[in-house]
2 protein chains.
Amino acid sequence: MNKIPQATAKRLPLYYRFLNNLNHQGKKRVSSKELSEAVKVDSATIRRDFSYFGALGKKGYGYNVEYLLGFFRKTLDQDELTDVALIGVGNLGTAFLHYNFLKNNNIQIKMAFDAAKEKVGTDIGGVPVYHIEDLEDKMTGIKVAILTIPASEADGITNRLVEQGITGILNFTPARITVPDHIRVHHIDLAVELQALVYFLKHYPLSKED
Amino acid sequence: MNKIPQATAKRLPLYYRFLNNLNHQGKKRVSSKELSEAVKVDSATIRRDFSYFGALGKKGYGYNVEYLLGFFRKTLDQDELTDVALIGVGNLGTAFLHYNFLKNNNIQIKMAFDAAKEKVGTDIGGVPVYHIEDLEDKMTGIKVAILTIPASEADGITNRLVEQGITGILNFTPARITVPDHIRVHHIDLAVELQALVYFLKHYPLSKED
DNA sequence: AATAAGTCGTGATATATTTCACAATATTAT
DNA sequence: ATAATATTGTGAAATATATCACGACTTATT
Ligand SMILES: NC(=O)c1ccc[n+]([C@@H]2O[C@H](COP(=O)([O-])OP(=O)(O)OC[C@H]3O[C@@H](n4cnc5c(N)ncnc54)[C@H](O)[C@@H]3O)[C@@H](O)[C@H]2O)c1
Ligand SMILES: NC(=O)c1ccc[n+]([C@@H]2O[C@H](COP(=O)([O-])OP(=O)(O)OC[C@H]3O[C@@H](n4cnc5c(N)ncnc54)[C@H](O)[C@@H]3O)[C@@H](O)[C@H]2O)c1
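Residues numbered from 1 in each chain as written. Chains lettered and ligands numbered in written order. Predicted model: local features only at pLDDT ≥ 70, side-chain atom pairs only at ≥ 80, totals over all residues. Heavy atoms only, no water.

**Topic: the domain arrangement of chain A**
Defined as follows: Residue ranges assigned to each domain were obtained from an automatic or database domain assignment.
The assigned domain composition of chain A is domain 1 (6-74) and domain 2 (82-192). Spacing between the C-alpha centres of domain 1 of chain A and domain 2 of chain A amounts to 32 Å.

Structure representation (structure tokens):
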């Protein structure tokens, strides 16, 4: 595809969500300056981001909310549904199941797996929980997994997911898992985020928000 | 302080944790190459990161695990305890309370707040839950907060936190909150992370891990 | 119709981060 | 001892990202 910078790609879902809000509020037009205040991204950065997709706005006017939203809906494939499996129905996994990302987007946790007998067979937030031994049977066709198991289990389960044909993993365990090159892993390391915040507070006082 | 790049600062807690692991395993030395494989960061980047703190290794040898660990312990202020308050004891907040980041570091959730009567007065994972109305009374001295309330409540609570003297917020709500310049906010937007992962899978196939 | 105000899209520039590649040095093997 | 091997620390180059600043165009106002 075209060359959308990764930094831009990471902001797209954010723009999408705020445009959706504006649309629900009945707003018809929006400037990069207004959007900037809402999402806390510099207005020049927003204009640059949008410009990778062509000229979406009008000089002197701004952007048409509905048009922009429709454009991003296509670009972000909001019309295709992506099914996701969640592995590890513990504290964190259970929170995700209750939340379910479905709310206003195109991503849905379709099934969950756990090793504990008492969790298997239940239904949390409308998502069935299967035994981890049934992973290979049940998970056919699912390409994305959320990992919320203990760190010690991460490598073993990852290998099974790779075998099964996964293409993306959102990893909440502190383990840095090893996968073949064609598989994408995003790590969200909550303890590291908290430590980094504290480090910044002590060592970079008064700096601006990030 | 000196000029540690932010990108480097964000990796420090990660290095620290892996060095800790190595130390527990009884390992005495480690090379940037080995560390690179463990944390999935290019070895040149690791050497560059370390070099901001001076010459911590020995050519032809690598790094002494114990020495490096001691160095980072001081640098990351692992000896000072940072107290944190959590606001919003719902699905996500409860998971964090059970986890408590205390486990192997210097950060501790000291108290939690919620608006729901049935949660107030309880004790989750050893952390007392107070009523949100008592925020100003109870929270004296605490400089960091984790926000796990509904998005609609984010602005109001943020203002109260700012009044109370907070300096850092880890915000899990989808709202982009507004704060004065001297306050640092890190957003962790789980829905955005998942959407971004899916976007990358569809539009950047076969690219390497990030 | 003319003027003023607002806003985009983007070339140019600034800043930040990563990676290459190699001299210098340490360790290990013979 | 000597040679072979390993590994750091860093200048230089490459890449990535953010921001400035302004011409061109749109809309609103008089
Ligand atoms: N809870 C948090 O706030 C938090 C914060 C940061 C990181 N994490 C990380 O997220 C992960 C999950 O944390 P948690 O608090 O939910 O832990 P948890 O212990 O509550 O949940 C883990 C779940 O995984 C299941 N499990 C264990 N082995 C399994 C296997 N082989 N296959 C399938 N399921 C298996 C367990 O039965 C349990 O239900 C951990 O790696 C933790 O370090 C959690
Ligand atoms: N749970 C998830 O997996 C998940 C994922 C992504 C984002 N989030 C975001 O995290 C936040 C929390 O999510 P959740 O699933 O835990 O929601 P939740 O509804 O389970 O919990 C919210 C809690 O906040 C409390 N609360 C409400 N108003 C309050 C106030 N004014 N002061 C103090 N407490 C108040 C409620 O009583 C409740 O206990 C939300 O903003 C949500 O969008 C959650």
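So much for the structure itself; the text now carries on.
**So, the protein's contact with DNA strand C**
Selection rule: When we say a residue is near a molecule or strand, we mean one of its heavy atoms is within 4 Å of it. Any pair of nitrogen or oxygen atoms within 3.5 Å is treated as a polar contact; in protein, a donor-acceptor pairing is required on top of that, and neighbouring residues in sequence qualify only through side-chain atoms on both sides. Per the convention used, a helix needs a DSSP run of H or I reaching at least four residues, while a strand needs a run of E reaching at least two, with both numbered from the N terminus.
Surveying the vicinity of DNA strand C reveals 27 residues, the closest of which are A:Ser32, A:Arg48, A:Gly60, B:Arg11 and B:Lys59. Here DNA strand C approaches the protein such that, of its atoms within 4 Å, sugar and phosphate make up 62%. Here a base nitrogen of DNA strand C sits 3.3 Å away from a polar atom, N or O, in the side chain of B:Arg47. Elements represented by at least two residues in the surface near DNA strand C include exactly helix 3 (43-51) of chain A together with helix 1 (6-24) and helix 3 (43-51) of chain B.

**Digging into helix 2 (residues 32-39) of chain B**
Residues and elements named next belong to chain B. Short version of the rule: Relative accessibility decides the category of a residue: with a 1.4 Å probe and only protein chains considered, values under 20% of the type maximum give buried, values over 50% give exposed, and everything between is partly exposed. As used here, the arc is the angular range of directions from the helix axis to the C-beta atoms. Contacts are assigned to residue pairs with any non-hydrogen atoms lying within 4.5 Å of each other.
Of the residues making up helix 2, those classed as buried are Ser32, Leu35, Ser36 and Val39. Burial along helix 2 is one-sided: seen end-on, the buried residues are contained in an arc of 105°. Of the exposed residues in helix 2, those oriented more than 90 degrees away from the buried face are Lys33 and Glu37. Those residues of helix 2 hidden inside the fold are in contact with helix 1, strand 1 (29-30), helix 3 and strand 2 (63-64). Where helix 2 ends, the next residue or the one after it, lysine 40, has phi of about 60°, a positive value.

**So, helix 1 (residues 6-24) of chain A**
Selection criterion: What a helix is expected to span follows from its residue count: subtract one and scale by 1.5 Å.
Counted at 1.5 Å a residue, the expected span for helix 1 of chain A with its 19 residues is 27 Å, and the 28 Å between its end C-alpha atoms agrees. On its buried side, helix 1 of chain A packs onto strand 1 (29-30), helix 2 (32-39), helix 3 and helix 4 (65-75) of chain A together with helix 8 (190-203) of chain B. At the C-terminal side of helix 1 of chain A, A:Gly26 shows a positive phi close to 85°.

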